[in-house]
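# Examination of the molecular architecture
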Amino acid sequence: ISKTEYVKQTKCNLETEEQCHDTPQKSCSTVQKAVTKHRDEEKCSTKYERQCSTTYEQSCTSTTERQCTTVTERECTTVNGQEKCWDEPREKCWDEPRQECKQVPKEK
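Numbering of residues starts from 1 in each chain and follows the order in which that chain's sequence is written. Side-chain atom pairs in this predicted model are given and counted only at pLDDT of 80 or more, local residue features only at pLDDT of at least 70, and totals for whole chains, interfaces and linings cover all residues. The side-chain figures draw on all heavy atoms in the structure; neither hydrogens nor water molecules are used.

## Focus: the overall build of the chain
Filter applied, for reference: Helix and strand labels come from DSSP, where a helix needs a run of H or I of at least four residues and a strand needs a run of E of at least two; each type is numbered from the N terminus. Accessible area is worked out with a 1.4 Å probe on protein chains only. A residue is then buried under 20% of its type maximum, exposed over 50%, and partly exposed in between. Note on contacts: a residue pair qualifies if any of its non-hydrogen atoms lie within 4.5 Å across the two residues. Calculation of accessible area relied on Shrake-Rupley with a 1.4 Å probe; when residues are assessed, cover is drawn exclusively from the protein chains displayed.
A count of helices and strands for the chain gives 0 helices and 4 strands. Listing each helix as α and each strand as β along the chain from the N terminus yields β-β-β-β. Evaluated residue by residue, the chain yields a buried proportion of 0% over its 108 residues. Across the chain, the fraction of contacts at a sequence separation of at least 24, relative to all contacts at a separation of at least 6, is 47%. Of the roughly 11,800 Å² that the chain leaves accessible, carbon and sulfur atoms contribute 44%.

Now the structure itself:
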């Protein structure tokens, strides 16, 4: 809305002149306007990862191993009243006990 203002000025020769100006006029009113608001929220989650490790236990077994060696035994005999002796080689064998151990993965 504009308003016209009249100003009268007197000139030296006493003539009056009318001057017109458009004067701006500010007019305000309150209006309703839709507003969207956002709010930041922290959202957290926990993730689980499977973590595995292998443990070992000692597993032992008992076995026997055949061991043999050559030994000499003194043999003597009497022939015609005279004793004759010599060394006779013989194989002597036995079962030697052994224990074998190894690391095996432990089952859970």
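## What about the state of the cysteines?
What makes a disulfide is a covalent bond joining the sulfur atoms belonging to two cysteines. Operational definition: Our working definition of a disulfide is a cysteine sulfur pair at a distance within 2.5 Å.
For the structure shown, the criterion picks out 3 disulfides. Disulfide partner of Cys68: Cys93, at an S-S distance of 2.0 Å. The S-S bond linking Cys68 to Cys93 shows a torsion near 115 degrees; that makes this disulfide right-handed. Highlighted residues: Cys68 in strand β3 (residues 56-79) and Cys93 in strand β4 (residues 82-105), separated in sequence by 25 residues.

## Concerning the pairing of β3
Rules: Note on pairing: DSSP must find at least two bridges between two strands before they are called paired.
Bridge count between β3 and β4: 24 bridges; the pairing is antiparallel. Directly across from Val79, in β4, lies its bridge partner Gln82. Here β3 hands over to β4 after 2 residues, with Asn80 in that stretch at a positive phi of 55 degrees.

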